[in-house]
Amino acid sequence: MEERAGQPRTIELNDGSRMPILGFGTWKPEAIGSDMYQRAVEAAIAAGYRHIDTAYCYGIETEVGKAIQSKIQQGIIRRQDMFIVSKLWCTHHASEDIPVCLNTSLIDLQLDYLDLYLMHFPVGLKKMGDDLFPEKDGKILTTDIDYVNVWKGLEALKATGKVKSIGVSNFTIEQLERLLYVAKIPPAVNQVELHPYLVQSDLIDYCKSKNIALTAHSPFGSPGRPSEHQRGDMDPRTLLDDPVVGDIAKKHKRTPGQVLLRYHIQQSIAVIPNSMKPHHILENTKIFDFTLDEENMNALRSLNRGWRACIIPQLEPHPFYPFK
Ligand SMILES: NC(=O)c1ccc[n+]([C@@H]2O[C@H](COP(=O)([O-])OP(=O)(O)OC[C@H]3O[C@@H](n4cnc5c(N)ncnc54)[C@H](OP(=O)(O)O)[C@@H]3O)[C@@H](O)[C@H]2O)c1
């Protein structure tokens, strides 16, 4: 990947580590159990991605691990060239379960350490076997474990060296504020859904003011998310088909996808698009050699409608649910 248009390729985190600004997302539930993931992550590494975003709850860390190992064995990368991110799942918020979740990820990924470990979501879920969303009588079973205590567990993991940086995901300003009040180590990153339909300027300004880096998940509005996450007429047209995005893309002789990714990196926000298609995986790397002007950025921001692709409505009654 080339570096032009004055765009730094990494973001410096508040603990001194550097995170590549473009990463490859790996959430694709319908592909679990196939070798599609391994092939997609191998294609991503071949295309130049050095930041891979995965999670315990995606159920595909074994495939991601095989892809990383195969590229190391081919001499394409060394471990230290890669920035690997995983996430603690909500069923493992009890202090004794936190290292168990990390160790499972490390074993599956065939790694000694992660570059960044995130608390995936502020709401705790009951631990019942391997269930990711334990249910009784049709209700998801939550816990009242405080995310502030979970953060202490992440701080302890950092001390072991098995995770280089720690952060959170899907946290609100209020939750970050509460966390910062007690944290010995401030979160390096907050990974949240961001795109022109969900601009979140207040959250962006707040994180910048506290030196917490942002990573934008679902930058295309997650058009391939599982059907249970789709809301029919409640969902807007897909961002990739939005005429405003399309017009800007045409002006720059780019694709809508490239415009939606450039929108983040120009704000020094990391972005982690997912794709299973080699030509999209490559296309999504070509975002470093053009610039969106202020008019383009404002036109994209004007699409804001506070719409989220990724919600868990069953958890809405929980006091820590972040998307009220
Ligand atoms: N922290 C969290 O709670 C959280 C939540 C959601 C996601 N994430 C992370 O963020 C990553 C990205 O988000 P996401 O997977 O929800 O959705 P996304 O990246 O917004 O969208 C992925 C979809 O866009 C399509 N696509 C990709 N590149 C394209 C292109 N250039 N042109 C047209 N279509 C394209 C892909 O289809 P094809 O396969 O056909 O290309 C795929 O269906 C995830 O994979 C995951 O790592 C984190």
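So, here's what we can say about the structure. (Residues numbered from 1 in each chain as written. Predicted model: local features only at pLDDT ≥ 70, side-chain atom pairs only at ≥ 80, totals over all residues. Heavy atoms only, no water.)

1. Quick look at the overall build of the chain
Working step 1: Summing up its helical and strand segments, the chain has ten helices and twelve strands in all.
Working step 2: On C-alpha atoms alone, the chain measures out to a radius of gyration of 19 Å, which is about the 20 Å that the 2.2 N^0.38 rule sets for 324 residues.
Working step 3: For the chain, the spread of C-alpha atoms along the three principal axes comes to 55 × 45 × 40 Å.
Working step 4: The buried share among the 324 residues of the chain stands at 55%.
Working step 5: Element-wise, carbon and sulfur atoms account for 50% of the exposed surface of the chain, whose accessible area totals about 14,100 Å².
Working step 6: Within the chain, one finds 37 positive and 40 negative side-chain charges whose respective centroids are separated by 3 Å. (Helix = DSSP H or I, 4+ residues; strand = E, 2+ residues; numbered from the N terminus. Rg over C-alpha atoms; globule rule 2.2 N^0.38 Å. Buried < 20%, exposed > 50% of the residue type's maximum accessible area, 1.4 Å probe, protein only. Areas by Shrake-Rupley, 256 points an atom, 1.4 Å probe, with all protein chains shown as cover. Lys, Arg positive; Asp, Glu negative; His and termini not counted. Charge placed at Lys NZ, Arg CZ, Asp CG, Glu CD.)

2. Overview of the pattern of salt bridges
Working step 1: The final tally for this structure, using the stated rule, is nine salt bridges.
Working step 2: With its nearest N and O atoms 3.1 Å apart, the salt bridge here joins D289 to R254. Residue D289 is found in the loop between α9 (278-283) and α10 (294-301), and its partner R254 is found in the loop between α7 (243-252) and α8 (256-265); the two are separated by 35 residues along the sequence. (Salt bridge = Lys/Arg side-chain N within 4 Å of Asp/Glu carboxyl O.)

3. Thoughts on the packing of α7 against α10
Working step 1: Direction vectors running N to C along α7 and α10 enclose 160°, while the axes themselves pass 10 Å from each other. The orientation of α7 relative to α10 falls into the category roughly antiparallel. The chirality of how α7 crosses α10 is left-handed. Across the interface between the two elements, V244, V245, I248 and H252 from α7 touch N296, A299 and L300 from α10.
Working step 2: The class makeup of the residues in the contact of α7 with α10 is five nonpolar, two polar and no charged. (Axes fitted to C-alpha atoms, helices over the stretch in contact; angles between N-to-C directions. Parallel < 35°, antiparallel > 145°, perpendicular 65-115°, else oblique. Left-handed = near helix turned anticlockwise from the far one by under 90°. Contact = heavy atoms within 4.5 Å. Nonpolar A, V, L, I, M, F, W, Y, C, P; charged D, E, K, R; others polar.)

4. Points about α7
Working step 1: Taken together, the buried positions of α7 are occupied by V245, I248 and A249. For α7, the angular spread of buried residues about the axis comes to 100°, placing them on one side. Of the residues in α7, the exposed ones pointing more than 90 degrees away from the buried face are K250 and K251.
Working step 2: Those residues of α7 hidden inside the fold are in contact with α8 and α10.
Working step 3: With a side-chain oxygen positioned 2.8 Å from the backbone nitrogen of V244, the residue opening α7 is D242.
Working step 4: Positive backbone phi, at 55°, marks K253, one or two positions downstream of α7. (Arc of directions from axis to C-beta. Polar contact = N/O pair within 3.5 Å; in protein donor to acceptor, adjacent residues only side chain to side chain.)

5. Here we look at the sheet that holds strand β12 (residues 270-271)
Working step 1: As summarised here, the arrangement of the eight strands in space is β3-β4-β5-β6-β9-β10-β11-β12, forming an open sheet in which the pairing is parallel. Single-partner strands in this sheet number two, and they are β3 (24-25) and β12.
Working step 2: Here strand β6 (residues 114-119) pairs with strand β9 (residues 163-169) via five bridges, running parallel. Looking at the pairing, Y117 lines up with I166 of β9.
Working step 3: On top of the sheet, helix α4 (residues 147-160) reaches β5 (83-88), β6 and β9; it is set at about 165° to β9, its chief contact. (Pairing = 2+ DSSP bridges.)

6. Here's the deal with the site of the ligand
Working step 1: Around the ligand sit 30 residues, and of these D53, F220, S222, S275 and H280 come closest.
Working step 2: One of the side-chain N or O atoms of S169 is found 2.8 Å from a nitrogen atom in the ligand.
Working step 3: When the ligand is considered free in solution it has 900 Å² of accessible area, and contact with the protein chains removes 90% of it. (Near = heavy atom within 4 Å.)

7. Comments concerning the packing of aromatic side chains
Working step 1: Applying the stated criterion to the full structure yields nine aromatic pairs.
Working step 2: A centroid spacing of 5.4 Å and a plane angle of 70° characterise the contact between W89 and F133, whose relative ring orientation is edge-to-face. A residue pair is termed long-range when its members are at least 10 positions apart, and W89 in the loop between β5 and α3 (98-109) and F133 in the loop between β6 and β7 (135-136) qualify at 44 residues.
Working step 3: With a relative accessible area of 4%, W89 lands in the buried category.
Working step 4: Centroid distance F121 to F323: 5.8 Å. Interplanar angle 75°. Geometry classified as edge-to-face. Placement of the pair is F121 in the loop between β6 and β7 and F323 in the segment after α10, with a sequence separation of 202 residues. With respect to class, F121 is no different from F323; both count as buried.
Working step 5: Each member of the aromatic cluster is reached from another via a ring pair, and the members are F121, Y321 and F323. (Phe/Tyr/Trp six-rings, centres within 6.5 Å; stacked < 30°, edge-to-face > 60°.)

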